[in-house]
Amino acid sequence: MTGSGALPTAHDLFIAGRWTTGSGGTFDVDDPATGTVIASVANGDAADAGRAVDAAAAAAADWARTPPRRRSEMLHTAFGLMRRDRTTLADLIVAENGKSRADADAEVTYAAEYLRWFAEEAVRNDGTYNQSPDGKSRTIVQRRPVGTAALVIPWNFPAAMATRKLGPAIAAGCTVVLKPAAETPLTALALARILSEAGVPAGVVNVVPTTDPGAVVAAWMADTRVRKISFTGSTGVGRLLLRQAADRVVNSSMELGGNAPFIVTRDADLGAAVEGAMVAKFRNSGQACTAANRFYIHQDVATEFTEVLSRRVRALRVGPATEHGNTIGPLISAAAVSSITDLVDTAVRGGARVAARGACPPPGGGHFFPPTVLTDVASDAEIVRTEIFGPVAPILTWDDECDLLNQVNDSEAGLAAYVYAGDLQHALRLGESIQSGMIGINRGLVSDPAAPFGGMKQSGLGREGGREGIHDYTEIQYLGIDWA
Ligand code: NAD
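This is a predicted model, so every value here is computed, not measured.

Count 3.6 residues to each turn of an α-helix, and residues three or four apart come out pointing the same way. Over its 16 residues, helix H11 (residues 334-349) extends 22 Å from the first C-alpha to the last, a length consistent with the 22 Å expected when each residue adds 1.5 Å. Turning to H11, its buried residues number three or more, namely Ala336, Val337, Ile340, Leu343, Val344 and Ala347. Buried residues of H11, seen end-on, are gathered within an arc of 130 degrees and therefore sit on one face of the element. In H11, those exposed residues whose orientation departs by more than 90 degrees from the buried face are Ala335 and Arg349. Taken together, the buried residues of H11 touch strand S14 (353-357), strand S15 (372-375), helix H12 (382-385) and strand S16 (392-398). Downstream of H11 by a residue or two, glycine 351 has a phi angle that is positive, lying close to 110 degrees.

A word on the packing of helix H13 (residues 401-409) against helix H14 (residues 424-433). Where H13 contacts H14, the two axes come as close as 10 Å, and the packing angle between them is 40 degrees. Between H13 and H14, the angle is such that the two are oblique. Classified by chirality, the crossing of H14 by H13 is right-handed. From H13, Glu401, Leu404, Leu405 and Asn409 reach across to H14, where they touch His426, Arg429, Leu430 and Ser433. Residues of the contact of H13 with H14, tallied by class, amount to three nonpolar, three polar and two charged.

Right, let's talk about the side chain of aspartate 48 for a bit. Secondary-structure assignment places aspartate 48 in helix H1 (residues 46-65). At a separation of 2.8 Å, a polar atom in the side chain of aspartate 48 contacts the side chain of arginine 51. With near-sequence residues (within four places) excluded, aspartate 48 lies in contact with Leu13, Ile15, Thr21, Gly22, Ser23, Gly24, Asn43 and Val208.

Let us now look at the sheet that holds strand S6 (residues 137-145). Read across the sheet, three strands follow the order S5-S6-S22 without closing on themselves; strand pairing throughout is antiparallel. In this open sheet, the two edge strands, each paired with only one partner strand, are strand S5 (128-131) and strand S22 (474-482). Here the strands of the sheet are splayed against their neighbours by 20 degrees on average, with no regard to which way each runs. Looking at chain direction, S5 and S6 are connected through four bridges and run antiparallel. The residue bridging threonine 128 from the neighbouring strand is valine 141, located in S6.

Now for the pattern of salt bridges. Evaluation of the coordinates by the stated rule reveals 20 salt bridges. The partner of glutamate 412 in a salt bridge is arginine 239, and the shortest N-O contact between them spans 3.8 Å. A residue pair is termed long-range when its members are at least 10 positions apart, and glutamate 412 in the loop between H13 and strand S17 (413-414) and arginine 239 in helix H8 (residues 235-248) qualify at 173 residues. Residue glutamate 412 is classed as exposed on the basis of its relative accessible area, which comes to 53%. Residue class for arginine 239 comes out partly exposed when judged on its relative accessible area of 35%. Within the structure, one salt-bridge network assembled from shared partners comprises Arg84, Asp85, Arg193 and Glu197.

This paragraph deals with the packing of helix H4 (residues 101-121) against helix H5 (residues 160-172). Look at H4 against H5: their axes get within 8 Å of each other, and the N-to-C directions meet at 10 degrees. In terms of orientation, H4 and H5 fall into the roughly parallel class. Between H4, through Glu107, Tyr110, Ala111, Tyr114, Leu115 and Phe118, and H5, the contact on the second element is made entirely by Ala160, Thr163, Arg164, Gly167, Pro168 and Ala171. Classifying every residue of the contact of H4 with H5 by side-chain character gives eight nonpolar, two polar and two charged.

Surrounding the ligand, one finds 29 residues, the nearest of these being Ile153, Arg164, Ser234, Leu256 and Glu387. Between tryptophan 155 and the ligand, the recorded distance is 2.9 Å, taken from a side-chain N or O atom to an oxygen atom. Within the contact set of the ligand, an oxygen atom lies 2.5 Å away from a side-chain nitrogen or oxygen of serine 234. For the ligand, whose free accessible area comes to 840 Å², the fraction covered by protein is 85%. Residue assignment for the shell around the ligand shows that the elements contributing at least two residues are H5, helix H7 (213-222), strand S10 (226-232) and H8. Broken down by class, the residue content of the shell around the ligand amounts to 18 nonpolar, seven polar and four charged. In this structure, the shell around the ligand is formed jointly by two domains, domain 1 (10-256 + 459-480) and domain 2 (260-448), each of which donates at least three residues.

Our focus in this paragraph is the environment of aspartate 91. Within the secondary structure, aspartate 91 sits in helix H3 (residues 86-97). The class of aspartate 91 is partly exposed, set by a relative accessible area of 29%. Placed 154 residues apart in sequence, aspartate 91 and alanine 245 show a C-alpha to C-alpha distance of 36 Å.

Rules of the game
Residues numbered from 1 in each chain as written. Predicted model: local features only at pLDDT ≥ 70, side-chain atom pairs only at ≥ 80, totals over all residues. Heavy atoms only, no water. Helix = DSSP H or I, 4+ residues; strand = E, 2+ residues; numbered from the N terminus. Expected span 1.5 Å × (residues − 1). Buried < 20%, exposed > 50% of the residue type's maximum accessible area, 1.4 Å probe, protein only. Arc of directions from axis to C-beta. Contact = heavy atoms within 4.5 Å. Axes fitted to C-alpha atoms, helices over the stretch in contact; angles between N-to-C directions. Parallel < 35°, antiparallel > 145°, perpendicular 65-115°, else oblique. Left-handed = near helix turned anticlockwise from the far one by under 90°. Nonpolar A, V, L, I, M, F, W, Y, C, P; charged D, E, K, R; others polar. Polar contact = N/O pair within 3.5 Å; in protein donor to acceptor, adjacent residues only side chain to side chain. Pairing = 2+ DSSP bridges. Salt bridge = Lys/Arg side-chain N within 4 Å of Asp/Glu carboxyl O. Near = heavy atom within 4 Å. Areas by Shrake-Rupley, 256 points an atom, 1.4 Å probe, with all protein chains shown as cover. Domains from an automatic or database assignment.

Shown next, in the form of structure tokens:
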């Protein structure tokens, strides 16, 4: 562990409770708001991946036997330490991800809540005891830790995507090998330090940053000691990992891409709908899997909704989080700016109109994109069918509810959706007709540690958070007892 520069944190691999250099040298981490290098981090390779599994496998049996209350107490302590270190953690998130200060502070709170939630769930691992129908046997059904789990997370929520997996894994009694995204390894390493300080034993949590994710994760997928893969990221990489999982029938949880519709009915509270749209679309500069990707506004209220939303968007302050008052940070990379520029340009060539465009800092080292509202967007436009992952709100109008639901459900993705309606029963009926795992009703935020996060269709498998989250890290075992 090192403490260089303005950001005192770990820059090495964390394996078997020790900070260690990687076999692949080091790699640089950039600040997306300036393009400057903020840290040099140990670069793990397949050999390091193997060492991490050695440590996790060696710790697995003791950890599975550790009383649930003990595991729970460690998670409670880690929750407290995250609160103690909240400013440093938010600094790290701002530095490596670029998100606004408010978004970074909110992420630290949200991420810490997963540790608290799973501290509470650790001691509620229920089973059953039953008499067989013929009375000749008894069955005990219990949930056992699935074993060593490989956790692979993206850059957009470097703290929350880590704790949403670490919390339930630790609570269930699993040991883990975690690979953060190369863009944002520092937060994951800081969390490893916190968990270690909270008393989580050496080898239970191991972290391997790398610029060669294919090699590191493939090594884990091929290792018979790894019993579980939990992945959050793009649907393409999720499919690849599912193919690798098939070879050994590895237990798989997948949190993949989204394409969330945001529906506003004629009788909705438009002020609340715009407020919700600002959160659902512009939180994290639109870089959220749950981000509203396509707005379906009833034609009778579309003009008013667009005007109010446009006013709000023009008032957004875009720039580095380190400058006071900025509410929208940069995108993660120059490639992200260029792909969103292409999506908007293609939509405009196809007849869409730019109704609002926020101010953007002058071109420099940062990867900024102006928040944008588009109207007159064709229902089959590429921007409606692609996960934008940026601060662009394409608005479509609707009149017929059947057509609306056909358009909404005509997507491979089924992660999140939002419905704003005056009549709650109508909102619920719409919600039940939408093929998505999470529906925000008159609410622009669906992320909640106490609720099951996850998608239908190609948005994923399994759930994180809620009562269900710990189940992804357990396997059901039954013991039959002869009662002759
Ligand atoms: P990504 O799939 O490129 O990367 C995610 C992780 O996978 C990173 O750690 C990356 O290093 C790793 N990875 C990349 N190639 C790999 C390979 N060949 N083998 C193994 N691992 C590999 O995704 P991203 O661009 O970092 O993140 C954006 C995507 O993540 C979006 O599609 C978004 O919707 C999705 N996401 C989903 C959720 C969810 O909960 N459903 C949450 C956040 C992000």
